[in-house]
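Take a look at the letters that make up each chain.
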Amino acid sequence: MLRTLRLTTIVCTLVIAYSTPFKAMAQSGVCSWGSSDYTWRGKFTGSKYTDIASADGVKVYMYASTGLDFMFSTWNPTPPSTWGGADYTWAADFNGDGKTDIASANAGNVYMHLSKGNGFDNQTWTVPVPPSWGASGYTWVADFNGDGKADIASANGGNVYMHLSTGKAFDSQTWTVPNNWGSAGYSWVGDFDGNKMADIASARGDSVFVHLSQGTSFNNVIWNVANLWGGADYSWVGDFNGDKLADIASANSGNVYMKLSTGNSFSSQTWTVAPSWGSSSYTRTGDFNGDGKVDIASAKGGNVYMNLSTGSAFNSQTWTVPNAWGDAGYTWVGDFNGDGLSDIASASGCTIYMHLSTGTRFANEAWYATVSTS
């Protein structure tokens, strides 16, 4: 699982006449990127803005949002960074201080890069080996015991290996479950019963095997649903009706098959949408209009097909944007300007194309990172 990371470094000074309706911000920038599978978005500085972090082995390149542009800096962890494989590396708040951290696992070691707001404190937290890990597709990060710190759960058959963060180490436990699982693409984490602890749901046909966390174990139940599903890459978990319970949405052309949690079952519904979708890699969820309900945005060229949840249906709209995108692995959803609405950022070299939601459309800007002097 140990990996050597690829680095791309670009320094650019840009004088550009845009033929597309981007509002150009400061047109000189510096950028360095690791590979896309070692690039994450999160609140690494602890501000209200979403940041971007990209790792190159011994360095993490930080793009800290100011709400108007990005400030670029290099965080040089001490001691030097160590990494596991990309599919066992996660960004989340593992010590509960409100800042996003990075955890990267390799066998019995989890290399923790704990954000201080202006750099990382590197630590190694150990977990038992064996057993410690299931397959990466059955490994999730969430707060499974409700203490405000991200944990890791990794399932293998009838065992879920729990690595519960104390803020300074992992408390490793094994929680047993029935050996009933759908495929990894139809297995998700969310708070399906509203007790503020993350649960696991795994769908197979008309059955969803739900493992409801009690904080020290799982309560294992089966919730029956209509056997209607779109592809795994067009299926998402989120609170689509604003009742604080995680739901499942699965899209197939003009139908989105909704499994709406009641807290002790799913209500199966079909919400119709305009049959317009971009590729799955440019289809993301977020709250783009700030009403507390999860929406779906799917980009294709100069159109972003928006399916805005009303709580009982989707309102389908098309929001136009300039046809300028970075690779899917360098495209993220987050609140980059701190207004409580989800935005889309897509990086290509030193240019980060920003699609900032106003709630009814995107305001399109090009941000260029400037070097932080702090």
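Remember, predicted model here, so these are calculated numbers, not experimental data. (Residues numbered from 1 in each chain as written. Predicted model: local features only at pLDDT ≥ 70, side-chain atom pairs only at ≥ 80, totals over all residues. Heavy atoms only, no water.)

(A) Inspection of the pairing of strand E29 (residues 343-348) at higher detail. Counting buried positions over the six residues of E29 gives five, a clear majority of the element. When strand E28 (residues 331-334) meets E29, the two strands line up antiparallel, connected through four bridges. Note on E29: the bridge partner recorded for Trp332 is Ala345. Between the antiparallel neighbours E29 and strand E30 (residues 351-357) lie two residues, among them Gly349 with a positive phi of about 60°. (Buried < 20%, exposed > 50% of the residue type's maximum accessible area, 1.4 Å probe, protein only. Helix = DSSP H or I, 4+ residues; strand = E, 2+ residues; numbered from the N terminus. Pairing = 2+ DSSP bridges.)

(B) Spatial organisation of the pattern of salt bridges. Applying the stated criterion across every chain yields a total of three salt bridges. For Asp97, the salt bridge identified is with Lys99, shortest N-O distance 3.9 Å. Close ionic contact of Asp291 with Lys293 constitutes a salt bridge, the shortest N to O distance being 3.8 Å. (Salt bridge = Lys/Arg side-chain N within 4 Å of Asp/Glu carboxyl O.)

(C) Focus on the nonpolar core. Trp33, Tyr63, Phe70, Trp332, Phe336, Ile352 and Met354 are the most contacted members of the largest nonpolar core, which has 19 residues in total. Mapped by element, the contributors of at least two residues to this core are strand E3 (28-34), strand E6 (59-65), strand E7 (70-75), E29 and E30. (Core = buried A, V, L, I, M, F, W, Y, C linked by side-chain atoms within 4.5 Å.)

(D) Spotlight on the packing of aromatic side chains. The final tally for this structure, using the stated rule, is 36 aromatic pairs. Consider the rings of Tyr38 and Trp40, whose centres lie 6.3 Å apart with planes at 85°: the pair is edge-to-face. Overall, Tyr38 belongs to the buried group, its relative accessible area being 0%. By relative accessible area, which is 9% here, Trp40 ends up buried. Measuring from centroid to centroid gives 5.8 Å for Tyr234 and Trp277, while their planes differ by 75°, and the two rings are edge-to-face. Residue Tyr234 is located in the loop between strand E19 (218-224) and strand E20 (235-238), and its partner Trp277 is located in the loop between strand E23 (266-272) and strand E24 (283-286); the two are separated by 43 residues in the primary sequence. (Phe/Tyr/Trp six-rings, centres within 6.5 Å; stacked < 30°, edge-to-face > 60°.)

(E) Seen up close, the side chain of Ser65. Along the polypeptide, Ser65 turns up in strand E6. On the basis of relative accessibility, which here comes to 6%, the residue Ser65 falls in the buried class. Here Gly67 takes part through its backbone nitrogen, which lies 3.0 Å from a polar atom of the side chain of Ser65. From its side chain, Ser65 meets the backbone oxygen of Phe336 in a polar contact 2.6 Å long. Leaving out residues up to four positions away in the same chain, Ser65 has contacts with Ser47, Tyr49, Thr50, Asp51, Phe70, Phe336 and Trp367. (Polar contact = N/O pair within 3.5 Å; in protein donor to acceptor, adjacent residues only side chain to side chain. Contact = heavy atoms within 4.5 Å.)

(F) Looking closely at the confidence of the model for the protein chain. Per-residue confidence for the protein chain gives a mean pLDDT of 92, with 90% of residues at or over 70. Considering only residues more than four positions removed or in separate chains, one finds that residues 1-20, a stretch of pLDDT under 50, has 62 contacts. (pLDDT = per-residue confidence, 0-100.)

(G) Representation of the state of the cysteines in the model. With the rule as written, the count across this model stands at one disulfide. With its sulfur 2.3 Å from that of its partner, Cys31 forms a disulfide with Cys350. Residues Cys31 and Cys350 share a disulfide whose torsion about the S-S bond is about -80°; that sign makes it left-handed. Here Cys31, found in strand E3, pairs with Cys350, found in the loop between E29 and E30; they are 319 residues apart in sequence, far enough to count as distant. One exposure class covers both Cys31 and Cys350, and it is buried. (Disulfide = S-S within 2.5 Å.)

(H) Up close: the sheet that holds strand E17 (residues 199-204). Spatially, four strands are ordered E16-E17-E18-E19 in an open sheet, and the strand pairing comes out antiparallel. Edge strands, defined here as strands with exactly one partner in the open sheet, are strand E16 (187-190) and E19. Across this sheet, the average inter-strand angle for adjacent strands is 20°, counted without regard to direction. As judged from the seven bridges shared by strand E18 (residues 207-213) and E19, these two strands associate in the antiparallel manner. Looking across to E19, one finds that Val210 is bridged to Val221. (Axes fitted to C-alpha atoms, helices over the stretch in contact; angles between N-to-C directions.)

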